[in-house]
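Breakdown of the fold
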Protein chains: 2
Amino acid sequence: MAEFNDNFLKACRREETPYTPLWLARQAGRYQKEYMKIKEKYSIIEISTIPEVSAEVTLLPINQFELDSAIIFSDILIPLGPMGISFEYKKGYGPLIHNPVRTVADVEKLKVVDPATEMWYTGKALTILKGELNVPCIGFVGAPFTLASYMIEGGPSKNYETMKAFMYNETKAWHLLMDKLGTVMANYLNFQIESGAMAVQIFDSWVGALDIDDYNEYVYPHVEKMIQIVKSKYPNVPLISMGVNSAHLIPSLRKANPDVIAIDWKTDLAKTWKDLNYEVAVQGNLDPTALFADWSIIERKTKKILDSVKGKPGHIFNLGHGILPGTPVENVKQLCKFVHEYTRK
Amino acid sequence: MAEFNDNFLKACRREETPYTPLWLARQAGRYQKEYMKIKEKYSIIEISTIPEVSAEVTLLPINQFELDSAIIFSDILIPLGPMGISFEYKKGYGPLIHNPVRTVADVEKLKVVDPATEMWYTGKALTILKGELNVPCIGFVGAPFTLASYMIEGGPSKNYETMKAFMYNETKAWHLLMDKLGTVMANYLNFQIESGAMAVQIFDSWVGALDIDDYNEYVYPHVEKMIQIVKSKYPNVPLISMGVNSAHLIPSLRKANPDVIAIDWKTDLAKTWKDLNYEVAVQGNLDPTALFADWSIIERKTKKILDSVKGKPGHIFNLGHGILPGTPVENVKQLCKFVHEYTRK
C-alpha cells in the first residue's frame with residue numbers, strides 16, 4: 001500500500017502541502033456507471049446500511065481519480081429512521097416522509113438514539129475503509145435545520161413555509177426538535193470518528209433560506225452546541241461546515257468555530273477568505289455545472305479559483321455543491337489531475 | 001375617484017413621499033379566495049390573455065389592501081407562445097415546454113414578434129386598468145436568462161445543467177437566443193408603457209444560479225441592451241430590476257442602470273443600499289414566509305427593515321420574493337396598513 005496521503009488533513013489545519021488537495025462533493029454517485037450498477041441491486045438506504053456496500057461505493061471514486069480524501073457513502077436522512085421517522089425515496093421526487101413532524105407531541109415522540117447501537121453500520125463501513133484507504137475518510141451528518149426541513153415539510157421544499165411557520169409559531173417545540181437532532185448528530189459524528197473518520201462535515205444544505213437574524217435566533221445555538229460536543233472530545237479532528245446559498249450567513253457559521261468553511265460556487269472564495277482573516281480553512285468552489293462544459297472552460301474557471309488564493313495553505317479544492325448526474329466522468333478525472341499538476345510546488 | 005396616488009413613482013425616483021409606499025410581489029394570486037374562484041373558470045394562460053379577466057385579477061388586491069401600485073396580472077412565459085414555443089402548465093409541476101430549445105436550429109426558428117400585434121391583450125388590459133386605478137400599474141417581462149432556463153430545460157430546474165452546458169458549449173447560439181429574447185422583451189415593455197404601464201419590472205428570478213463572471217459574459221450585455229431600448233424611448237418611466245439569490249450580482253445589476261433594484265429577503269437591504277451609495281432606489285425585503293407567523297413576529301421583522309433605512313426617500317417596501325399560496329389574507333392586510341402608519345411623517 002502506498003504511503004498515507006495526509007495533505008487534505010494538513011490543509012484543514014492550514015499547514016503547507018506540496019499541492020492543493022482536493023475532494024469532490026458527491027464524488028461517489030449517479031454520474032458513475034459503476035455506481036448505477038450497484039443501484040440496480042440496492043436502494044440508497046440499503047447502500048447506506050450494508051457496511052460492505054457502503055465501503056465499496058465510497059472506494060469507487062478513490063480508485064478512479066486522484067483524490068486526497070474519501071467521504072463515507074451514506075445519506076443524511078439515515079439517522080431519522082431510528083429516531084422514529086418513516087420515509088422512502090420516491091423516484092423523481094426525493095425523500096417522502098410518511099409521518100411528518102407537525103406538533104409538539106410529534107417532537108416529543110422522537111427518540112434520542114445511541115448511534116453506536118442504531119447506526120452501527122456506518123461505524124462498520126468506516127472500519128472496513130480504514131484498512132483499504134491511503135487517504136483520510138470524512139464522516140458526516142446533516143445539520144438540524146436541513147434535517148428538520150424534510151421532517152416538517154414531509155419532503156423536498158421550495159420555500160419551507162410549513163417549517164418556518166412551525167419555527168416562528170411553535171418556538172419551544174422547534175428548539176426541542178433542534179436540540180434532539182443536534183444531540184444525535186453530534187454523537188453520530190463522534191461515533192464516526194471513533195470508527196475511523198479522520199475529519200467530519202456538517203451539511204446544512206438548505207439553511208441559506210433563512211436570513212441571518214432567524215439563523216442566529218433559531219439555528220445557531222444548536223450548531224454551536226453540536227460543534228462543541230465534537231470539539232471537546234476530538235479537538236484535533238477537522239470539522240467542515242457546509243451550506244449553499246448561505247454567503248450571507250458566513251459570519252455566524254464562522255463564529256461556531258469549524259476548522260473549514262465550504263464556499264458555494266457563487267461566492268468569491270478569495271474575498272470571503274480574506275474577510276475571514278484567513279483564520280479558518282476554506283473549501284471550494286467550482287460550479288458543478290461547469291463540468292458539463294468543454295475542458296477549456298473548466299480549466300479557465302479552475303485556474304481562476306486557484307490563482308485567486310495563490311496556493312495559500314488552508315485551501316481545499318472542491319466543487320461549490322455536489323457533482324450532478326450526467327456529469328462526464330472524463331472531465332472529473334481531468335479536473336483532479338489538473339488541480340494537482342497546476343498547484344504542485 | 002380619489003386623487004391619484006403617485007407615491008410609488010416618487011419613491012422610484014428617490015423623491016420624498018408622506019410615507020413609505022409599498023406593493024407586494026404576486027399580490028394577486030393563489031392565497032386569495034377570489035382569485036381561486038376565477039381560476040376555477042380560467043387557466044393562467046387564459047387569465048393572462050383575456051384583457052377583462054387580467055384586469056379584474058389585477059384589481060383584486062388593490063380593492064382589498066392599502067397598496068401604492070398595481071402590477072398587471074400576466075405570466076412571464078406568455079410571449080414565448082407567439083415566439084414559437086409550445087407549453088402548458090402541469091399541476092404540481094409548473095410549465096412544461098413541448099418543444100425545448102436544444103440546437104442552433106431551434107434558436108434560429110424563434111420568431112422576433114411584434115408585441116403590439118401578438119401580445120395585444122396585455123395592452124388592452126393596461127388600457128382598461130388606466131380607467132379603473134388611482135395608483136400606477138407596473139408592466140413586466142421575464143428576463144432573457146430566466147425565460148431561457150424554461151425554454152432549454154423544458155420546465156422548472158434545480159441546477160440548470162442543460163442550460164448551462166448550452167451556454168458554455170453553444171455560445172454563439174446562446175447569444176442569439178438571448179438577443180432575440182432581449183429584443184422582444186424590451187419591445188414588450190415599451191408596448192406596455194404605451195398602453196398605460198407607469199413603471200416596468202424585469203424579473204430575472206433564476207439568474208442567481210450564475211457566478212458573476214458568467215453573468216457578465218453570458219447575460220449582462222443583453223440586459224444592458226434591453227434597458228437601453230426602454231430608457232432611450234421612455235427615460236422617465238421607472239425600471240425595476242429583480243432577482244432572487246442574486247446578492248452577489250448586484251454590482252452588475254446596478255451597472256445596467258435600472259432605477260430600482262429589488263433586494264431578496266436574505267440580503268441586508270440597508271447595507272446593500274449604502275454600498276450602492278444611495279444612487280438607485282431599492283425595493284424589499286420581508287421574507288414571504290414571515291407572513292405565516294403570528295403578527296408580533298411580522299411586525300418585528302417589518303419594523304427592523306423600516307428602521308434600518310429610516311424613511312430615506314427611495315425605499316419601496318415589498319416582500320423579498322412573491323406571496324406564497326396559503327398566506328393568511330388578514331396578515332397581508334395588516335402588513336400594508338402597518339407600513340403606511342408606521343412610516344407616516
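Predicted, not measured: the structure shown is a model, and the values here were computed from it.

Conventions we followed
- Residues numbered from 1 in each chain as written.
- Chains lettered and ligands numbered in written order.
- Predicted model: local features only at pLDDT ≥ 70, side-chain atom pairs only at ≥ 80, totals over all residues.
- Heavy atoms only, no water.
- Helix = DSSP H or I, 4+ residues; strand = E, 2+ residues; numbered from the N terminus.
- Rg over C-alpha atoms; globule rule 2.2 N^0.38 Å.
- Buried < 20%, exposed > 50% of the residue type's maximum accessible area, 1.4 Å probe, protein only.
- Contact = heavy atoms within 4.5 Å.
- Domains from an automatic or database assignment.
- Buried area = accessible area lost by both parts, 1.4 Å probe.
- Salt bridge = Lys/Arg side-chain N within 4 Å of Asp/Glu carboxyl O.
- Nonpolar A, V, L, I, M, F, W, Y, C, P; charged D, E, K, R; others polar.
- Pairing = 2+ DSSP bridges.
- Axes fitted to C-alpha atoms, helices over the stretch in contact; angles between N-to-C directions.
- UniProt positions renumbered as here; feature names shortened; annotations may be inferred.
- Least-squares fit on C-alpha atoms with pLDDT ≥ 70 in both.
- Parallel < 35°, antiparallel > 145°, perpendicular 65-115°, else oblique.
- Left-handed = near helix turned anticlockwise from the far one by under 90°.
- pLDDT = per-residue confidence, 0-100.
- Phe/Tyr/Trp six-rings, centres within 6.5 Å; stacked < 30°, edge-to-face > 60°.
- Disulfide = S-S within 2.5 Å.

A word on the overall build of chain A. Helix and strand counts for chain A come out as 16 helices and 9 strands. A compact globule built from 345 residues should have a C-alpha radius of gyration of about 20 Å, and chain A, at 19 Å, falls within 12% of that. Along the three orthogonal principal directions, the C-alpha set of chain A runs to about 60 × 45 × 40 Å. Counting only residues that meet the buried cut, chain A has 61% of its 345 residues in that class. Sequence separation of 24 or more characterises 74% of the internal contacts of chain A that already satisfy a separation of 6 or more.

Further remarks concern the domain arrangement of chain A. By a frequent convention, interface size equals the accessible area lost on bringing the separate parts together. All names here are of chain A. Each assigned domain of chain A is listed with its residue range as follows: domain 1 (28-64 + 69-257) and domain 2 (263-345). Taken residue by residue, the interface counts 13 residues in domain 1 and 19 residues in domain 2. Of the roughly 1200 Å² buried where domain 1 meets domain 2, counting both sides, 64% is carbon and sulfur surface. Between Glu279 and Arg254 there is a salt bridge, with the nearest N and O atoms lying 3.7 Å from each other. Breaking the side of domain 1 that touches domain 2 down by element, the ones donating at least two residues are strand E6 (239-243) and helix H13 (250-255). Looking at the side of domain 1 that touches domain 2, its residues break down into 6 nonpolar, 5 polar and 2 charged.

What follows concerns the pattern of salt bridges. Counted under the stated rule, the structure contains 34 salt bridges over all chains. Residues A:Glu34 and A:Lys33 are paired through a salt bridge, measuring 3.5 Å at the closest nitrogen-oxygen approach. Take A:Lys33: its relative accessible area is 67%, and that puts it in the exposed class. Residue B:Asp213 is joined to A:Lys304 by a salt bridge in which the shortest nitrogen-to-oxygen separation is 2.4 Å. Here B:Asp213 is found in helix H12 (residues 212-233), whereas its partner A:Lys304 is found in helix H15 (residues 295-309) on a different chain. The exposure class of B:Asp213 is partly exposed, given its relative accessible area of 33%. Residues participating in the shared-partner salt-bridge network are A:Asp211, A:Asp214 and B:Lys301.

As a further point, take the interface of chain A and chain B. Each partner contributes residues to the interface: chain A has 30 residues there, and chain B has 30 residues. Between chain A and chain B, a total of about 2600 Å² is buried, with carbon and sulfur atoms accounting for 46% of that surface. For the pair chain A and chain B, the number of links is 10 salt bridges. A salt bridge links B:Arg300 to A:Glu217; its shortest N-O distance comes to 3.5 Å.

Residue and element names in this part refer to chain B. Spatially, the 7 strands line up as an open sheet ordered E1-E4-E5-E6-E7-E8-E9, and their pairing is parallel. Each edge of the sheet is formed by a strand with only one pairing partner; in this case those strands are strand E1 (70-71) and strand E9 (315-319). Where strand E5 (residues 199-204) lies against strand E6 (residues 239-243), 5 bridges are found, and the strand directions are parallel. Across the sheet, the residue bridging to Gln201 is Ile240, located in E6. Each of strand E4 (137-142) and E5 is contacted by helix H11 (residues 171-195), which is oriented at about 165° to E4, the strand it contacts most.

All names here are of chain A. Spatial ordering of the open sheet is given by E1-E4-E5-E6-E7-E8-E9, a layout of 7 strands whose pairing is parallel. Of all the strands in the sheet, just strand E1 (70-71) and strand E9 (315-319) have a single pairing partner and so form its edges. Where strand E8 (residues 281-286) lies against E9, 5 bridges are found, and the strand directions are parallel. Bridge pairing in E9 links Gln283 to Ile316.

Looking now at the UniProt feature "binding site: substrate" (unreviewed entry) in chain A. Residue and element names in this part refer to chain A. Taking the UniProt record as the reference, the feature "binding site: substrate" (unreviewed entry) is found at Arg26, Gln27, Ala28, Gly29, Arg30, Asp75, Tyr150, Ser205 and His321. Across 296 residues of sequence, these annotated residues are also dispersed in space, with a maximum C-alpha separation of 23.2 Å. If we skip the residues at most four places from it in the chain, Ala28 touches Val57, Pro61 and Phe73. Excluding its chain neighbours within four sequence positions, the residues that come into contact with Arg30 are Tyr35, Met36 and Pro325.

Sequence positions flagged by UniProt for "domain: Uroporphyrinogen decarboxylase (URO-D)" (unreviewed entry) are, in local numbering, residues 138-154 of chain A. Taken end to end, residues 138-154 of chain A is 59% helix and 29% strand, and its two terminal C-alpha atoms sit 28 Å from one another.

Moving on, we come to the relation of the copies chain A and chain B. Rotating chain A by 180° and moving it 0.0 Å along the rotation axis overlays it on chain B with an RMSD of 0.0 Å. Interpreted geometrically, this transformation is the action of a two-fold axis. Residue A:Asn245, judged by its C-alpha, is the member of chain A lying nearest the rotation axis, at 3.5 Å. In this assembly the copies share their binding face: 100% of the residues contributing to the interface of chain A also contribute to that of chain B.

Residues and elements named next belong to chain B. Here helix H8 (residues 120-130) crosses H11 at 30°, and the two axes come no closer than 8 Å. It follows that H8 is roughly parallel to H11 by the angle criterion. The way H8 lies across H11 gives a crossing that is right-handed. Each of Trp120, Thr122, Gly123, Leu126 and Thr127 in H8 lies in contact with H11, whose residues at this interface are Tyr188, Phe191, Gln192 and Ser195. Taken together, the residues that form the contact of H8 with H11 break down as 4 nonpolar, 5 polar and no charged.

When pLDDT is averaged across chain A, the result is 97; 100% of the residues are at 70 or more. Here the predicted complex carries an ipTM of 0.93, next to a pTM of 0.95.

Below, the discussion takes up the packing of aromatic side chains. Counted according to the given criterion, the structure contains 19 aromatic pairs over all chains. With a centroid separation of 5.7 Å and 75° between ring planes, the pair formed by A:Trp295 and A:Phe338 is classed as edge-to-face. One end of the pair, A:Trp295, is in helix H15; the other, A:Phe338, is in helix H16 (residues 329-343), and 43 residues separate them in sequence. Each of the two residues, A:Trp295 as well as A:Phe338, counts as buried. On the basis of an interplanar angle of 45° and a centroid distance of 5.6 Å, the ring pair of B:Tyr35 and B:Phe73 is categorised as tilted. Highlighted residues: B:Tyr35 in helix H2 (residues 33-41) and B:Phe73 in the loop between E1 and helix H5 (80-83), separated in sequence by 38 residues. Take B:Tyr35: its relative accessible area is 3%, and that puts it in the buried class.

Turning to the state of the cysteines, a few remarks are in order. All names here are of chain B. Under the counting rule described, the total for this entry stands at 0 disulfides over all chains. The thiol of Cys12 is unpaired, and the distance to the nearest cysteine sulfur, on Cys137, comes to 13 Å. By relative accessible area, Cys12 is classed as buried at 3%.

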